[in-house]
Amino acid sequence: MTLTRRHTLGLLGATAATGLAAPAIAQNTPLKVGALRFTSHSPSFIALEKGLFADAGLDVELVFFEAAQPMALAIASGDVDYAMTAISGGLINLARKGAIRVIGGGLSEEEGIDGQKILVSDAAMQAGIDAPSKLDGKRWGVTQAGSSFHYMGSKIAQAEGISLEFTPLQKVPAVIGALKSGQIDGWSIVPHIAKPLAGSGAVHIVGDVADYLPGYQVTTLFTSAANAENRSQTEAFLGAFGQGVTDYNSTMIDQSGGQDGVDAMVDLIHKYVYTDRERERAAPSIINGTMRINEGAALNLASVRDQLEWFQSENLIDASITIEDLVDTTYVETVG
Amino acid sequence: MDLAVEGLGHRYGGTEVLRDISLEIPAGRILCVVGPSGCGKSTLLRMIGGLERPSAGRVVQIGEAPATSLNPLTFVFQDFALLPWRSVAGNVSLVLEDNALPRARRDAIIADVLARTRLSDFAHALPRQLSGGMKQRVAIARALAVDPAVLLMDEPLSALDAQTRELLMEDLIGLWSRTPFTAIYVTHNLAEAVRLGHRIAVLSRRPGQVREVVEIDMPLADRQAGDPELEAVQARLWDLMRDEARAADAELLDG
Amino acid sequence: MADATDSHGSKPPRTDAAASREIRFRGGGFRPQSNRWAGIAVFIVLIALVEIGLRQGWISALTLPRPSAVGATLWQLWESGNLTRHLFPSLSRLAVGGAMGALAGIAIGVAIGLFGLARAGLVPLVAAIFPIPKIALLPLFVIWFGIGEGSKYALIALGTFTPTVVATFGAVDNVDRTLIRMGQSFGLTWWSIVRKIVLPGAMPGILSGLRVSLAIAIILLVAAEMLGAQAGIGAYILEAGSLYDLDRLFAGVVILSALGVTLSWAMGLLEKRVLRWRA
């Protein structure tokens, strides 16, 4: 505990730098934060493990989910207070009913940083499909209609002037299975899943999502409409989360703490991610999965607007929904 | 075509049900088989008809069946055995369909047997719409349709009430008088036996053996209910059977 | 005989004496009268309550869709032609998968009913397949039969197969043996006996088994459309669920219910036609 305490003290300056005043909320406000066991959720793990949430007066309990979709429902039902996930049609429809608001950004596609990969099955590769442009008329794996995979595939198809057959498979493992067995031809996924798959030879990487969707706001932070009204609590959460982001980016990407810093961070993340493997085998996956998370939970509003318009053009959500229904822009810095 | 049963015996597991039965069934005559319940008379009939295999002895056919007979040995069952999903005509048609008959010929046979059993008006009725007596007349019509050499009748009137039984007996006598047929008629009802049988074989209780074969010379058409001569034969049959029936009854109770 | 004369005499029945009174009726009851309007009224009242509750705000918009919005969604589905776009693939999956499962089930069921070897060999197998949640086998079917229609047909077929087998061989067992003996006594061929006596005799049992199988087929339809279906009522419901679009979700559920009711009605009609010979 002493070590954690020292570290926290060292980060106090960073808190001031984000421009958030010391939150005026009661100590030990209980809060539930939804998370997936992905490295991209590391800021929450760091903020909890290093006492950043506690210092902000929040008594955080992490609630783990198997998929992003139930997380949005849990926010709407009030079982979870804050969470981070990709924007989906379901999330927007819940926002329209006044149940949830997007308050910040998580992962973004950024030039120069390893982002989501476009994959094709081995069978498709054998048939000569070695670029996204050659996927015309082929099956593209999605979890569900209106998922981020659907959005990415649709945008890639639009840019290449091809048409894809979107194949819903409900769950990520089902998509992976279908891609490996050649039942579907193409898919896009975060690098820490894409690379090991490609390494096994069962699938092949043929492009980057970032080439088609520069600045794509992959995941967003969101909360219930009621929590969004509670400024002091939400600011306290974002402040602690932001410190976690800074710590993660500087340690894992900028290597400010050297190899020791990376090792310590991997130890911390390994408590939550790849827990079924021993550390030696988990470490490469955790390091491979490193992606830069938006500093200060900044939000690429242009990307969110593009996603919103795409959902509307696909008739997946009501045409009357506006960006104001979805996003509360008063908390974080926005781009675009 | 005549039939003969020669030294027929049968056992189910350890129980002997029939022992050394020998009978002759000449063409154009009705042989009644009577006996106390459980004496194996229905089993005997099924063996004569080839539905069961005897443990000992054999059933022999003497002479050829008429070429016109589609099914020389034809059963009439106690519970009618009509297909409930087929109409009266359909039930008759069933037994003709496996024979390569021209359609017109088949229809003619059906019309003929229904007329003979006075069922022409009910050709399209379903079995559930018919009374018990009518159902048995359908079964008889069906049996007649295949022009049998021998009719094997297994208590055909037992499921019917007394009045219906009387009417149906008259029907059977009428049918036989117009065209005499060969029949083995199994029953436990002595009144039926003396009305319909040219000869009556009395079986003992289990294991069934032939106690006696009684001949009745009176023509079938002349036999009336309450006829003193028939009453006398019936009384004699009952004398033969009474002790057997009582013993068989006790045997069943001892079980 | 004396009594009989008395009771048929001209004396009027005695009703004036103090000791005589009418026997109190104590039968009746325990025989619910069917009233179709009550059922419809319950539906209407429930729907009206939900509509009013949502408009007044005492039911949260998150929990239920407005019935009027569901109605509008159904109308849009119909008007845009999307209803047929979704209904046609679902119905063809039901028809093909259901027909395959039911025909195979009847064939195997009859075989089990008629042959000792088939009974000894197949009954344990069917008993083993019956309790497997067929949905769990869907990924396997995708590998075997492809992600297209093949795996969907297979899932629905397997789901309808087992209850049909069980119902069929039970029904064959229950066919009146005396009818079969009758067929044999008239020298009918084996095939004639099966076709004209065993099958029609087993038909009531087979049809009631088919009723169960059809309901299972509709349940499995949604599951079958989980993997790789772009159109279909099940896919439509799953999509609405993932979009948290309650209007569409309920519209889809209404269509499924209507499908169930229609198929059940059609089965009733079929039973009435095929089993006309029963009372």
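Residues numbered from 1 in each chain as written. Chains lettered and ligands numbered in written order. Predicted model: local features only at pLDDT ≥ 70, side-chain atom pairs only at ≥ 80, totals over all residues. Heavy atoms only, no water.

As for the overall build of chain B
1) Next: Secondary structure assignment for chain B yields seven helices and nine strands.
2) Next: The C-alpha radius of gyration computed for chain B amounts to 18 Å, which stays within 12% of the reference 18 Å derived for 255 residues, consistent with globular compactness.
3) Next: Taking the principal axes of the C-alpha coordinates as reference, chain B spans close to 55 × 40 × 35 Å.
4) Next: In chain B, which comprises 255 residues, the share counted as buried stands at 52%.
5) Next: The contacts in chain B between residues at least 6 apart in sequence include a share of 73% that link residues at least 24 apart.
6) Next: Averaged over its 28 positive side-chain charges, chain B has a centre that lies 4 Å from the centre of its 34 negative ones. (Helix = DSSP H or I, 4+ residues; strand = E, 2+ residues; numbered from the N terminus. Rg over C-alpha atoms; globule rule 2.2 N^0.38 Å. Buried < 20%, exposed > 50% of the residue type's maximum accessible area, 1.4 Å probe, protein only. Contact = heavy atoms within 4.5 Å. Lys, Arg positive; Asp, Glu negative; His and termini not counted. Charge placed at Lys NZ, Arg CZ, Asp CG, Glu CD.)

Describing the domain arrangement of chain A
Residue and element names in this part refer to chain A.
1) Next: Taken domain by domain, chain A consists of domain 1 (2–108 + 217–335) and domain 2 (117–211).
2) Next: On a C-alpha basis, the centroid separation for the pair domain 1 and domain 2 is 27 Å.
3) Next: Across the domain 1/domain 2 interface, buried area totals approximately 1,200 Å², and carbon plus sulfur atoms make up 62% of it.
4) Next: It is Asn 288, Asp 306 and Trp 310 that lose the most area in domain 1 upon contact with domain 2, and together they represent 37% of the buried surface on that side.
5) Next: For the interface between domain 1 and domain 2, the tally reads one salt bridge.
6) Next: Asp 306 is the partner of Lys 155 in a salt bridge, and the nearest nitrogen-oxygen pair spans 3.1 Å.
7) Next: Inspection of the region where domain 1 meets domain 2 yields four residue pairs in polar contact (both at pLDDT 80 or more).
8) Next: Of all the secondary-structure elements, those providing two or more residues to the side of domain 1 that touches domain 2 are helix H13 (279–288) and helix H14 (301–313).
9) Next: Counting residues per element, the side of domain 1 that touches domain 2 draws most heavily on H14, which supplies five residues.
10) Next: Across the side of domain 1 that touches domain 2, the residue classes break down as eight nonpolar, nine polar and two charged. (Domains from an automatic or database assignment. Buried area = accessible area lost by both parts, 1.4 Å probe. Salt bridge = Lys/Arg side-chain N within 4 Å of Asp/Glu carboxyl O. Polar contact = N/O pair within 3.5 Å; in protein donor to acceptor, adjacent residues only side chain to side chain. Nonpolar A, V, L, I, M, F, W, Y, C, P; charged D, E, K, R; others polar.)

As for the interface of chain A and chain C
1) Next: In this assembly, 25 residues from chain A lie in contact with 20 residues from chain C.
2) Next: Looking only at chain A, the three residues that lose the most surface to chain C are Lys97(A), Gln170(A) and Gln183(A), adding up to 29% of its buried area.
3) Next: Counting every contact that joins chain A to chain C gives zero salt bridges.
4) Next: Taken together, the connections running from chain A to chain C amount to seven residue pairs in polar contact (both at pLDDT 80 or more).
5) Next: When residues of the side of chain A that touches chain C are traced back to their parent elements, those giving at least two are helix H4 (68–77), helix H5 (89–96) and strand E7 (165–168) of chain A.
6) Next: Grouping the constituent residues of the side of chain A that touches chain C by class yields 11 nonpolar, 11 polar and three charged.

Quick look at the interface of chain B and chain C
1) Next: Counting residues at the interface gives 22 residues for chain B and 19 residues for chain C.
2) Next: Summed over both partners, the interface of chain B with chain C buries about 1,800 Å², with 68% contributed by carbon and sulfur atoms.
3) Next: Sorting the residues of chain B by area buried against chain C places Trp85(B), Asp98(B) and Arg128(B) first, and these three jointly supply 35% of that buried surface.
4) Next: Seen at the junction of chain B and chain C, the total is two salt bridges.
5) Next: For Lys196(C), the salt bridge is made with Glu97(B), and the minimal N-O distance between the two is 2.7 Å.
6) Next: Taken together, chain B and chain C are joined by eight residue pairs in polar contact (both at pLDDT 80 or more).
7) Next: Listing elements by their share of the side of chain B that touches chain C, those giving two or more residues are strand E5 (73–76), helix H2 (88–97) and helix H4 (132–145) of chain B.

Brief notes about the packing of aromatic side chains
All names here are of chain A.
1) Next: Summed over the entire model, instances satisfying the criterion amount to 16 aromatic pairs over all chains.
2) Next: Over the ring of Phe 64 we find Arg 37, and its NZ or CZ is 3.9 Å from the ring centre.
3) Next: The ring centre of Tyr 331 lies 4.2 Å from the NZ or CZ of Arg 231, which sits over that ring. (Phe/Tyr/Trp six-rings, centres within 6.5 Å; stacked < 30°, edge-to-face > 60°. Lys NZ or Arg CZ within 6 Å of the ring centre and 35° of its normal.)

Quick notes on a nonpolar patch on the surface
All names here are of chain C.
1) Next: On the surface, a cluster of nonpolar side chains totalling about 620 Å² of accessible area is made up of Val 42, Val 45, Leu 46, Leu 49, Ile 52 and Trp 58.
2) Next: Within the fold, Ile 52 resides in helix H2 (residues 36–56).
3) Next: The class for Ile 52 is partly exposed, based on a relative accessible area of 45%. (Patch = residues over 30% accessible without salt bridge, like charges linked within 9 Å, V, L, I, M, F, W, Y side chains within 5 Å. Areas by Shrake-Rupley, 256 points an atom, 1.4 Å probe, with all protein chains shown as cover.)

Observations regarding the side chain of Thr162(C)
1) Next: In this structure, Thr162(C) sits in helix H7 (residues 149–173).
2) Next: Those residues in contact with Thr162(C) that sit more than four places away from it in its chain are Val126(C), Ile129(C), Phe130(C) and Lys134(C).

Focus: the nonpolar core
Soluble globular proteins tend to pack their nonpolar side chains together in the buried interior.
1) Next: Ile100(A), Trp187(A), Phe237(A) and Leu326(A) are the most contacted members of the largest nonpolar core, which has 140 residues in total.
2) Next: Among the elements that line this core, the one with the most residues is helix H11 (residues 231–253) of chain A, at eight residues.
3) Next: A domain split of this core shows at least three residues from each of domain 1 (2–108 + 217–335) and domain 2 (117–211) of chain A.
4) Next: Apart from residues no more than four positions distant in its own chain, Trp187(A) is found in contact with Lys117(A), Ile118(A), Leu119(A), Trp140(A), Gly141(A), Phe149(A), Val172(A), Val175(A), Ile176(A), Leu179(A) and Leu197(A).
5) Next: Counting 109 residues, the second-largest nonpolar core is a separate cluster that includes Ile48(B), Val76(B), Val95(B) and Val175(C). (Core = buried A, V, L, I, M, F, W, Y, C linked by side-chain atoms within 4.5 Å.)

Some points on the domain arrangement of chain B
Residues and elements named next belong to chain B.
1) Next: Splitting chain B by domain gives domain 1 (2–65 + 149–254) and domain 2 (81–147).
2) Next: For domain 1 and domain 2, the distance between their C-alpha centroids amounts to 26 Å.
3) Next: At the junction of the two partners, domain 1 supplies 11 residues and domain 2 supplies 10 residues.
4) Next: Between domain 1 and domain 2, the buried area comes to about 840 Å², and carbon and sulfur atoms account for 68% of it.
5) Next: The interface formed by domain 1 and domain 2 contains one salt bridge.
6) Next: Between Asp 171 and Arg 118 there is a salt bridge, with the nearest N and O atoms lying 2.6 Å from each other.
7) Next: With six residues, the single largest contributor to the side of domain 1 that touches domain 2 is helix H5 (residues 162–178).
8) Next: Classifying every residue of the side of domain 1 that touches domain 2 by side-chain character gives seven nonpolar, two polar and two charged.

Describing the UniProt feature "domain: ABC transporter" (unreviewed entry) in chain B
1) Next: Per the UniProt record, the feature "domain: ABC transporter" (unreviewed entry) sits at residues 3–230 of chain B.
2) Next: Helix makes up 32% of residues 3–230 of chain B and strand makes up 25%, while its end C-alpha atoms are separated by 27 Å. (UniProt positions renumbered as here; feature names shortened; annotations may be inferred.)

Quick word on unusual backbone geometry
1) Next: For Asp147(B), which is not glycine, the phi dihedral falls at a positive 50°.
2) Next: Looking at where Asp147(B) falls in the secondary structure, it is placed in the loop between H4 and strand E6 (150–154).
3) Next: Even without being a glycine, Tyr244(C) presents a positive backbone phi close to 50°.

Topic: the environment of Leu207(C)
All names here are of chain C.
1) Next: Relative to the elements of secondary structure, Leu 207 occurs in helix H9 (residues 190–224).
2) Next: In this structure Leu 207 comes out as buried when scored by relative accessible area, which is 4%.
3) Next: Residues Leu 207 and Asp 173, 34 residues apart in the sequence, show an inter-C-alpha distance of 15 Å.
4) Next: Beyond its immediate sequence surroundings of up to four residues, Leu 207 is in contact with Met 267, Leu 270, Glu 271, Val 274 and Leu 275.

A look at the confidence of the model for chain B
1) Next: Of the residues in chain B, 98% have a pLDDT of 70 or more, and the chain-wide mean is 88.
2) Next: Two summary scores accompany this predicted model of the complex, namely pTM at 0.74 and ipTM at 0.85. (pLDDT = per-residue confidence, 0-100.)

Remarks on the environment of Ser208(C)
Residue and element names in this part refer to chain C.
1) Next: Tracing the sequence through the fold places Ser 208 in helix H9.
2) Next: Take Ser 208: its relative accessible area is 39%, and that puts it in the partly exposed class.
3) Next: Along the backbone, Ser 208 and Ser 68 are 140 residues apart, and their C-alpha atoms lie at a distance of 37 Å.

As for H4(A)
1) Next: Buried within H4(A) we find Gln69(A), Met71(A), Ala72(A), Ala74(A), Ile75(A) and Ala76(A).
2) Next: Remark: Gly78(A) follows H4(A) within two positions and exhibits a positive phi of approximately 85°.

What to know about the packing of H4(B) against H5(B)
For any two helices packed against each other, one specifies the crossing angle of their axes together with the interaxial distance.
Residue and element names in this part refer to chain B.
1) Next: Contact pair H4 / H5: the axes reach a minimum separation of 10 Å and the direction vectors enclose 20°. On the basis of their axis angle, the class for H4 and H5 is roughly parallel. Pair H4 / H5 crosses with right-handed handedness. Residue-level inspection shows Gly 133, Gln 136, Arg 137, Ile 140 and Leu 144 of H4 in contact with H5, the latter providing Thr 164, Leu 168, Asp 171, Leu 172 and Leu 175.
2) Next: A class-by-class count of the residues in the contact of H4 with H5 yields five nonpolar, three polar and two charged. (Axes fitted to C-alpha atoms, helices over the stretch in contact; angles between N-to-C directions. Parallel < 35°, antiparallel > 145°, perpendicular 65-115°, else oblique. Left-handed = near helix turned anticlockwise from the far one by under 90°.)

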